[in-house]
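Each chain, letter by letter, is given below.
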Amino acid sequence: MQIGDVTIDGVSDGSLSAPPTPMFNKTDQDWLQHSQFLDDDGMLPIHMGGFLVRTRDRQVLVDTGIGPRADPVRTGRFMESLAALGARPEEVTDVVLTHLHFDHLGWATDGERRVFGNATYRCHEADWEFFMGATPYDDSLAVSLMGGRTSSELLPPLADRLETWSGDETVLPGVDVRGAPGHTPGSTVVVISSGTDRAMLLGDVVHCPAELLSDDWEMIGDVDKQLAQRSREAVARELEGSDIPAAATHFPGLQFGRLLAADGRRQWMFG
Ligand SMILES: [Zn+2]
């Protein structure tokens, strides 16, 4: 994806899949109309990974996959994918985390050291507090189901190279963060811009494009479901008919797409 003079590439860590109905407040019947987002076995593909954003003088990672300790067959390819894009770990200047769930931190550290030794790590202050504060959020159940390591195991090495944001701001030239709370308190959309062009990286505001088509979706992992729903709907309204390319960290193949407004009904088109 080319946005003016900025290049955005998906960095794949591999892909898992899950039965779609238990993840959302939807029935098997509801999913019939969204079958284009399911695989041949009726499962929802859940990609793992992040995005490499290359500007003139920076190499920025947005999210870092589920890491080397999840499913050894289907995931664990993040560093290979990064190498295939011609980027060396020591050249990464910044790691921007859309939120601090473990499946976005997998390659941020190995629990003892930062994987990207020269990078400044960046996240929302509210998520740092939520995952590392006095009563840290317990994600051990999700980790036991999906593999990987908990956020509280992965985050400590970031502490002395961390810059946090607390509102909507420009964190780097061409990289803006916008609060979209609900999935976690600091859940964030990253807006990449160059000249008049822009693209949006949606983090976990949505896990599947179907969630942008109507405003009645609830996702099991959202910490505050109503707030997440409002944030998701605000993003959908902005994207609808705008021609702004958008991708979320779990979209299949980390592909970008556009939210079209056709005959009063939203449609998602990859590509
Ligand atoms: Zn996630």
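This write-up is about the structure you can find in this document. As the structure is a computational prediction, the values presented were derived from the model and not from experiment. (Residues numbered from 1 in each chain as written. Predicted model: local features only at pLDDT ≥ 70, side-chain atom pairs only at ≥ 80, totals over all residues. Heavy atoms only, no water.)

### Here's the deal with the coordination of the zinc ion
Filter applied, for reference: Only nitrogen, oxygen and sulfur atoms within 2.8 Å of the metal, or 3.2 Å for Na, K and Ca, are treated as donors, and water is left out, so sites may look incomplete. In short, tetrahedral needs four donors with all angles between 85 and 135 degrees, square planar needs four and octahedral six donors with opposite donors over 155 degrees apart and all other angles between 65 and 115, and whatever is left is irregular.
Coordination of the zinc ion by the protein involves Asp 103 (OD), His 104 (NE2), Asp 204 (OD) and His 250 (NE2), with metal-donor separations of 2.1 to 2.2 Å. Here the zinc ion is ringed by four donor atoms whose angles at the metal span 84 to 165°, and the overall shape comes out irregular.

### Observations regarding the pairing of strand β3 (residues 44-54)
Our working rule: Between buried and exposed lies partly exposed: a residue is buried under 20% and exposed over 50% of the maximum accessible area for its type, with that area taken using a 1.4 Å probe on protein chains only. Only DSSP runs of H or I with at least four residues qualify as helices, and only runs of E with at least two residues qualify as strands; both kinds are numbered from the N terminus onward. Strand pairing is defined by DSSP finding a minimum of two bridges between the two strands.
Of all eleven residues in β3, ten are buried, a share of seventy percent or more. Where strand β2 (residues 6-18) meets β3, eleven bridges bridge the pair, whose relative direction is antiparallel. Its bridge partner lying in β3, Asp 9 is registered against Leu 52. In terms of strand pairing, β3 meets strand β4 (residues 59-62) through four bridges, oriented antiparallel. For Leu 52, the partnering residue across the bridge sits in β4 and is Leu 61.

### As for the pattern of salt bridges
Threshold: Every case where a carboxyl oxygen of Asp or Glu lies within 4 Å of a side-chain nitrogen of Lys or Arg is listed as a salt bridge.
Within this structure, the stated rule accounts for 18 salt bridges. Here Asp 9 ties to Arg 54 by a salt bridge, and the two come within 3.1 Å at their closest N and O atoms. You can see Asp 9 sitting in strand β2 and its partner Arg 54 sitting in strand β3, a full 45 residues away along the chain. The salt bridge involving Arg 266 is made with Glu 233; its shortest N-O contact spans 3.0 Å. Of this pair, Arg 266 sits in strand β14 (residues 265-270) while Glu 233 sits in helix α7 (residues 225-239), placing them 33 residues apart in sequence. On the basis of relative accessible area, Arg 266 is assigned to the buried category, the value being 11%. We classify Glu 233 as buried; its relative accessible area is 12%. By sharing partners, the salt bridges in this structure join Arg 58, Asp 94, Arg 122 and Glu 163 into a single network.

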